[in-house]
Amino acid sequence: MGIQHNGRMPRLVDLLSAPGLDALRPLAGPLDATEITGIRLEPRADGLAAVPAGTVAVLLAPVPDHLLDVAVRDAAAAGAAALVLRGGEQVAGDIAVQALAERGRIAVLTTDGDLAALVVAVDRAVAGDSADALARIGAAARELASAAGDPERAAAIAARLLGTPVERRAAGPGEEGASAAGPDGEVRLAAAAQPGHPGTAIRSVLALAALTAAGGGHGDVPVRSRGHLLAELLVAPQDQTARLAARGRTIGLPVDGRHIALRIEAAALPAADRYRLLDTVLPRTLTDVRQHADGHVPDGVHWNAALVDDALVLLGTWPTDPGAPGRRKALALARRAVDRLRRLHPEADLRGGVGAPHRGPLGIRTSAREARAALLKPATADTAPVTAHDAAGLDRMLLEWYASDTAREAVDELLAPVSELGPDRADPLLRTLQAYLDHNNSPARAAEELHLHRNAVGARIRRITDLTGADLTDPETRLALQLACRARLSAPPGPA
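How each quantity is defined
Residues numbered from 1 in each chain as written. Predicted model: local features only at pLDDT ≥ 70, side-chain atom pairs only at ≥ 80, totals over all residues. Heavy atoms only, no water. Helix = DSSP H or I, 4+ residues; strand = E, 2+ residues; numbered from the N terminus. Contact = heavy atoms within 4.5 Å. Areas by Shrake-Rupley, 256 points an atom, 1.4 Å probe, with all protein chains shown as cover. Polar contact = N/O pair within 3.5 Å; in protein donor to acceptor, adjacent residues only side chain to side chain. Buried < 20%, exposed > 50% of the residue type's maximum accessible area, 1.4 Å probe, protein only. Pairing = 2+ DSSP bridges. Right-handed = clockwise from strand over helix to strand, strands pointing away. pLDDT = per-residue confidence, 0-100. Salt bridge = Lys/Arg side-chain N within 4 Å of Asp/Glu carboxyl O. Arc of directions from axis to C-beta. Axes fitted to C-alpha atoms, helices over the stretch in contact; angles between N-to-C directions. Parallel < 35°, antiparallel > 145°, perpendicular 65-115°, else oblique. Nonpolar A, V, L, I, M, F, W, Y, C, P; charged D, E, K, R; others polar.

1. Description of the overall build of the protein chain
Alright, step 1. A count of helical and extended segments in the protein chain gives 18 helices and 13 strands.
Alright, step 2. The long-range fraction of contacts in the protein chain, counting pairs at least 24 apart against all pairs at least 6 apart in sequence, stands at 68%.
Alright, step 3. Accessible area for the protein chain stands at about 22,400 Å²; split by element, carbon and sulfur atoms hold 53% of it.

Structure representation (structure tokens):
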């Protein structure tokens, strides 16, 4: 009998945080649709139609883009819980494959990790044997150190590693419990009891979590991590900034550089999921998108994360002024990271705001405030999930210009052939045109910003030029269309 999650076999969402599975990255489809019975390596795509139901099928051979939908359809028809591809990043931009995965109730993931270790980790997690128990206890010993003196966070980490709820209270009938005395009183943790090796893991992890949570209070106890200090720096009164900055320097928080903050509102997620994003998913995602950034983020940039007011704050620090190119690269990286997190938690509709670069300890607070303000910009169904702070005031200037009758008539006339398609069809075309022009007529960079395949960008641009007759090689035409798109898409809905 495998590990039970509320009386059932585990699903993929239960296993993603299990030890050894951190190399798996979701690309499409639901993570909680099918109970997992095992894992199977498939040498060729034509064998997917015969995999057992509930299988995590790992395809060893690369799949051409035009056959991706066939592979997903075959695996879904067989009842597979998930299809794991080597590489497979193109799935993120393939709308047809994403829709097929949703309809077929199959998760599509990618991995660049060790396949042998992946097979062992899935088998261990599904079996729930002594090896799985030891792996979970070992992971708890490593990860709980970041929750010293923080009972809520310790409980959240324990719940994630165990795959079962952990609550801060005394244990009742049919439950396992652990307690430890701390400076703020006794810490008690409880979770549902399970037989055999899963029960051993629960008892051991609860004991570790209780001891860690009781290891210090929240008053004058030294901050044990850069994340803790960053959170305190963001919420403490401004007259405490110098004291906290001095403490940050002693533990390696680069408070004196140039900082750009990314804020991700996560209040819709349970506390356990927020801590999971902070402790494991966000650092792993950041590392992954940097590896696939093709030099988008230079060396020497330091990243730190904190949980503040139910929001995730990611701080990038440059040793010198990153300038406009650095700001664009940071924004592109933030968009990739948030897109990955949105695919992992589609129910939360995660959105991010990015602040402008600012210097020194007070600059950390300023950029974080700007990131929060950027989130207040109105969003539409086609809006990118990350909004940048309008540092130059360009949006404000465009809106003032667009408020005049002459400017509005000029924009309406220029964009009329596209607008006549109706807002549902026109807005995606206009956003694609704006991104294309913003990136100097580069379909690849526009596709990256919009999370589309570059062929989709090319098709939309051809559609726009067919409708308008515009010559996008002419500098004056490009400028006119760029201003028109920005003004139209930045304007609030309703009449002027």
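2. With respect to the side chain of Arg136
Alright, step 1. By secondary structure assignment, the location of Arg136 is in helix 5 (residues 130–143).
Alright, step 2. Of note is the side chain of Arg136, whose polar atom sits 2.5 Å from the backbone oxygen of Leu161.

3. What to know about the pairing of strand 3 (residues 55–59)
Alright, step 1. The buried count for strand 3 comes to five of five residues, which makes it a mostly enclosed element.
Alright, step 2. The alternating pattern of strand 3 places Thr55, Ala57 and Leu59 on one face and Val56 and Val58 on the opposite face, and all of these are buried.
Alright, step 3. Where strand 2 (residues 38–42) meets strand 3, five bridges bridge the pair, whose relative direction is parallel. From the neighbouring strand, Gly38 faces strand 3, where its bridge partner is Thr55.
Alright, step 4. Taken together, the four bridges between strand 3 and strand 4 (residues 82–86) define a ladder with parallel strand orientation. Looking across to strand 4, one finds that Val56 is bridged to Ala82.
Alright, step 5. In this fold, strand 3 hands off to helix 2 (residues 68–77), which returns the chain to strand 4; that crossover is right-handed.

4. With respect to the confidence of the model for the protein chain
The predicted coordinates ought not to be read in detail in places where the model reports low pLDDT.
Alright, step 1. Counting all residues, the mean pLDDT for the protein chain is 78, and 82% of those residues have values of 70 or more.
Alright, step 2. Residue range residues 216–224 is modelled with pLDDT below 50. Its contacts to residues more than four positions away, or to other chains, number 19 contacts.
Alright, step 3. Low pLDDT (under 50) marks residues 293–298, which in the prediction has ten contacts with non-local residues, meaning those over four places away or in another chain.

5. Points about the pattern of salt bridges
Alright, step 1. The full count for this structure, using the stated rule, is nine salt bridges.
Alright, step 2. Put simply, Asp46 and Arg44 hold a salt bridge, and the shortest N to O gap is 3.0 Å.
Alright, step 3. Here Glu143 makes a salt bridge to Arg160, at a shortest N to O gap of 2.4 Å. One end of the pair, Glu143, is in helix 5; the other, Arg160, is in helix 6 (residues 151–162), with 17 residues separating them in the sequence.
Alright, step 4. Arg160 gets classed as buried once you look at its relative accessible area, which sits at 6%.
Alright, step 5. Sharing partners across several salt bridges, the network here consists of Glu167, Arg169 and Glu175.

6. Remarks on helix 3 (residues 95–104)
Alright, step 1. Looking only at helix 3, the buried set comprises Val97, Leu100 and Ala101. For helix 3, the angular spread of buried residues about the axis comes to 100 degrees, placing them on one side. The outward face of helix 3, more than 90 degrees from its buried face, is lined by the exposed residues Ile95 and Arg103.
Alright, step 2. Tucked into the core, helix 3 has its buried residues touching strand 1 (25–28), helix 2 and strand 5 (107–111).

7. What to know about the sheet that holds strand 4
Whether parallel or antiparallel, the strands of a sheet pair through hydrogen bonds between backbone atoms.
Alright, step 1. The sheet built from five strands is open, its strands ordered 1-5-4-3-2 with mixed pairing. Strands at the two margins of the open sheet, each flanked by one partner only, are strand 1 and strand 2. Going across the sheet, the axis of each strand differs from the next one's by a mean of 30 degrees, ignoring polarity.

8. Overview of unusual backbone geometry
Alright, step 1. For Asn440, which is not glycine, the phi torsion reads 55 degrees and is therefore positive.
Alright, step 2. Tracing the backbone shows Asn440 in the loop between helix 15 (423–438) and helix 16 (443–450).
Alright, step 3. The phi angle at Asn441 is positive, at roughly 60 degrees, despite the residue not being glycine.
Alright, step 4. Topologically, Asn441 is positioned in the loop between helix 15 and helix 16.

9. Observations regarding the environment of Ile251
Alright, step 1. Relative to the helices and strands, Ile251 resides in the loop between helix 9 (241–250) and strand 8 (258–265).
Alright, step 2. A C-alpha to C-alpha distance of 6.8 Å links Ile251 and Arg226, two positions 25 residues apart in sequence.

10. Thoughts on the packing of helix 2 against helix 3
Alright, step 1. It is at 10 Å that the axes of helix 2 and helix 3 come closest, and there the two elements cross at 5 degrees. As the angle between them shows, helix 2 and helix 3 are arranged roughly parallel. Here Leu68, Asp69, Val72, Arg73 and Ala76 of helix 2 come into contact with helix 3, specifically with Val97, Leu100, Ala101 and Gly104.
Alright, step 2. For the contact of helix 2 with helix 3, the class distribution of residues is six nonpolar, one polar and two charged.

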